[in-house]
Amino acid sequence: MCGIIGYVGENQAVPVLLGGLKKLEYRGYDSSGIGVLHPEKAQIVLRKSDGKIKNLEKLIAKQPFPKSTIGISHTRWATHGAPNKVNAHPHADGSGHILIVHNGIIENYELLKKDLKKRGHTFKSDTDSEVIAHLIESYYKGDLFAAVKKAIKKLNGAYALGVISSYHPDLLIAARIGSPLIIGCGKNENFIASDAPAILDCTRRVIYLKDGHMATLSKSQIKVFDFNGKVVKPKIDRITYSLDAVAKQGFDHFMMKEMHEQPDVLKKMLASCIKGKQVVLDGWNLSEQQIKNISNITIVACGTAYHAGMVGRYIIEALAGISVNVDVSSEFRYRNPILSKKSIVIAISQSGETADTLAAVREAKQKGAKIVSICNVLGSSLARESDAVLYTHAGPEIGVASTKAYTAQLGMLYLLAIKLAMVKKYISTSEINTLITQLKKVPSLYTKILKTKTSIAKIARTNSHFGCFLFLGRNINYPTAMEGALKLKEISYIPAEGYAAGEMKHGPIALIDEYRAVVCIATESDTYEKMISNIQEIRSRKGKVIAIATEGDKNISKHATHVVYVPKTHKLLTPLLAALPLQLIAYYISVKRGCDVDQPRNLAKSVTVE
Ligand code: M6R
């Protein structure tokens, strides 16, 4: 949520900052801004704009910056204050010599603002962030580092922070608590950024700044400190993924590209985790005895990752016979989850920076549970805070709507469940072997489904005018229905509900008439007949039905208005397959309605506020 990039070096800052902002736009895109230090005068120069980064780019073309070698920039996802030019970052202090960019929320900003106002500070914006610039100003006595250090001690909440000042033309300061920030190490230039893609074409050497750490950067030096000013030796990591991974590679949208990456992501995951008849999970560090001792599993996650967790419950319970509870991360703390040393908490998150999931994990840790995370982003906060990390290695996901990250999370949950099943001996070896054989076939089945995308597009376009959608599924495909609804609503803005099909008669059936479309997951399963009954109930009330069914099902077309076929697979694996046509349906409806597929309104890729 919000993107930050900062630069200090021997090159021109503005092209680096603007290029970096474009790569971070997926993190927030309601306004943006760049601030640099004037190369000759002790001044800061600011350009801000509402809307997307292209607006900022146009403004800079009209009002070029002076040639500066130091600057900070920001793309915003509004929390406090409307998304407009005044509230866009960077924010300056009263004197106009100190400039900050901030990602996160300052929870005590009202108190701080009140106090600063009493002391004569005047504020321009409605943001919580502006208080940081004024606080630093209030502590500034010629040493910017000391002033920032004092200021952040007063802040409650979460922040990733970048600070520059016209008093110190070769100094960029960074600090973080709760919001991601990395430092890019270049040659005669250094960077700060919310995420690696922003700096990838400049450097691959990065420091993942830890919570409670701050750093000073000049063009030739990086120093890391804790918040008390004690020097900390940083670890430099190397980003290995290619620049292609963060480019559209000929696809119209990142979402389409990422849907097409699913066969490969899963194939690689299975190849690296299935060794002969064994499942070997890199990062898994529980002994057989610890697995046998597991009393219960709780899964915490948000959004799409939560739906993966819901599927995970069905799989783990069916294969390993361990009782699983699934919580929306943001609610986990509000009940009194009963956990012990024998409890495992699985936290699922693509970004590994979702504030709600991190908060849930901290709560679970306090209660003594062991934390296993399923995460995509290497070195993320979640990965660092977990006892064991199972990386999905899906590669950067740029489209706000999660696609390949979801199926990769599912893939990892299947592997984990099989691993647990092997130790618990809850199902027979031959059942496990059958499942593994079928699982290995899924990547090629994905390719097969992708080849039918033209006919899926046709069905999607035919139904794109409906003002309301219902998604129904049963058993292991109930979460699939929820995920299908989430995908559609987030990128097409059509109200869409995901329901357990059995619940339809308890309320949602009231919605059904000729103006509603219902997507029914009716793949081969023990509940197939019941799904057919649901479809008939919808059709007799004039609702339109798009059924997701198994290839070879000749019966379904008698009942449904449209049918999308997925290849036959093991019943437990159907969520992996059904996800893909639902992603495609949402995509084509979004395109047909002229929506912004990759950057849907009001959303951000990584939700780093609670
Ligand atoms: O990074 P995370 O997996 O923790 O993100 C969780 C949700 O914010 C995310 O899945 C969100 O629901 C997506 N936009 C769904 O497409």
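Preceding block: the structure.
Being a predicted model, the structure only gives us computed values, none of them experimental.

Another point: the nonpolar core. Here is a general trend for soluble globular proteins: nonpolar side chains tend to be buried in one another's company. Within the largest apolar cluster, 99 residues are counted, with the highest numbers of intra-cluster contacts made by Ile297, Ile346, Leu415, Leu420 and Phe469. Residue contributions to this core peak at 14 residues, all from helix H13 (residues 404-424). If you count residues domain by domain, this core takes at least three from each of domain 2 (248-448) and domain 3 (452-610). Excluding residues within four positions of it along the chain, Phe469 makes contact with Asn463, Leu488, Ile494, Pro495, Ala496, Glu497, Ala517, Val519, Ile546 and Ile589. With 30 residues, the next largest nonpolar core counts Tyr7, Leu17, Ala198 and Val246 among its residues.

Inspection of the region around the ligand gives 15 residues, with Ser349, Gln350, Ser351, Thr354 and Glu490 positioned closest. Within the contact set of the ligand, an oxygen atom lies 2.7 Å away from a side-chain nitrogen or oxygen of Ser351. Val400 is positioned such that a nitrogen or oxygen atom in its backbone is 3.1 Å from a nitrogen atom of the ligand. Here the residues of the shell around the ligand are counted per class, giving 6 nonpolar, 7 polar and 2 charged. Here the shell around the ligand gathers at least three residues from each of two domains, domain 2 (248-448) and domain 3 (452-610).

It is worth spelling out empty space enclosed by the protein at this point. Empty space among the atoms becomes apparent when a probe as large as a water molecule is rolled across them. If you walk through the whole model with that rule in mind, you get 4 cavities of 30 Å³ or more. If you trace the largest cavity, you find it lined by Cys2, Arg76, Trp77, Thr79, His80, His89, His102, Gly104, Thr127, Asp128 and Ser129. For the lining of the largest cavity, the residue count by class is 2 nonpolar, 7 polar and 2 charged.

To continue, consider the pairing of strand E26 (residues 544-550). Across the 7 residues that make up E26, a large majority, 6, are buried. Note that strand E25 (residues 517-522) and E26 share 6 bridges and pair parallel. Bridged to Ala517 within E26 is Lys544. In this fold, E25 hands off to helix H17 (residues 528-539), which returns the chain to E26; that crossover is right-handed.

Roughly 810 Å³ of volume is contained in the largest pocket. Forming the walls of the largest pocket are 42 residues, and the residues nearest its centre are Tyr241, Asn376, Val377, Gly395 and Pro396. In terms of residue count, the dominant contributor to the lining of the largest pocket is helix H7 (residues 262-273) (3 residues). Of the residues contributing to the lining of the largest pocket, the split by class is 17 nonpolar, 11 polar and 14 charged. Looking at which domains feed residues into the lining of the largest pocket, each of domain 1 (3-240) and domain 2 (248-448) gives three or more. Looking at the second largest pocket, its volume works out to about 630 Å³.

To continue, consider the environment of Thr480. Summarising the element assignment, Thr480 is placed in helix H16 (residues 478-492). Sequence separation between Thr480 and Thr203 is 277 residues; the distance between their C-alpha atoms is 40 Å. If we skip the residues at most four places from it in the chain, Thr480 touches Ile521, Pro575, Ala578, Ala579 and Leu582.

A word on the sheet that holds strand E23 (residues 469-473). Strands sit in the order E24-E23-E25-E26-E27 across an open sheet of 5 strands; the sheet is parallel. Of all strands in the sheet, those with a lone pairing partner are strand E24 (496-500) and strand E27 (562-566), marking the two edges. The mean inter-strand angle of the sheet, taken between neighbouring strand axes irrespective of direction, is 20°. Sitting on the sheet, H17 is in contact with E23, E25 and E26, with an inclination near 165° to E25.

About the criteria used
- Residues numbered from 1 in each chain as written.
- Predicted model: local features only at pLDDT ≥ 70, side-chain atom pairs only at ≥ 80, totals over all residues.
- Heavy atoms only, no water.
- Core = buried A, V, L, I, M, F, W, Y, C linked by side-chain atoms within 4.5 Å.
- Buried < 20%, exposed > 50% of the residue type's maximum accessible area, 1.4 Å probe, protein only.
- Helix = DSSP H or I, 4+ residues; strand = E, 2+ residues; numbered from the N terminus.
- Domains from an automatic or database assignment.
- Contact = heavy atoms within 4.5 Å.
- Near = heavy atom within 4 Å.
- Polar contact = N/O pair within 3.5 Å; in protein donor to acceptor, adjacent residues only side chain to side chain.
- Nonpolar A, V, L, I, M, F, W, Y, C, P; charged D, E, K, R; others polar.
- 1 Å grid on protein atoms, 1.4 Å probe; cavity = no way out; pocket = protein on both sides within 12 Å on 5 of 7 lines; lining within 4 Å.
- Points joined across faces, edges and corners; volume = space filled by probe spheres on them.
- Pairing = 2+ DSSP bridges.
- Right-handed = clockwise from strand over helix to strand, strands pointing away.
- Axes fitted to C-alpha atoms, helices over the stretch in contact; angles between N-to-C directions.

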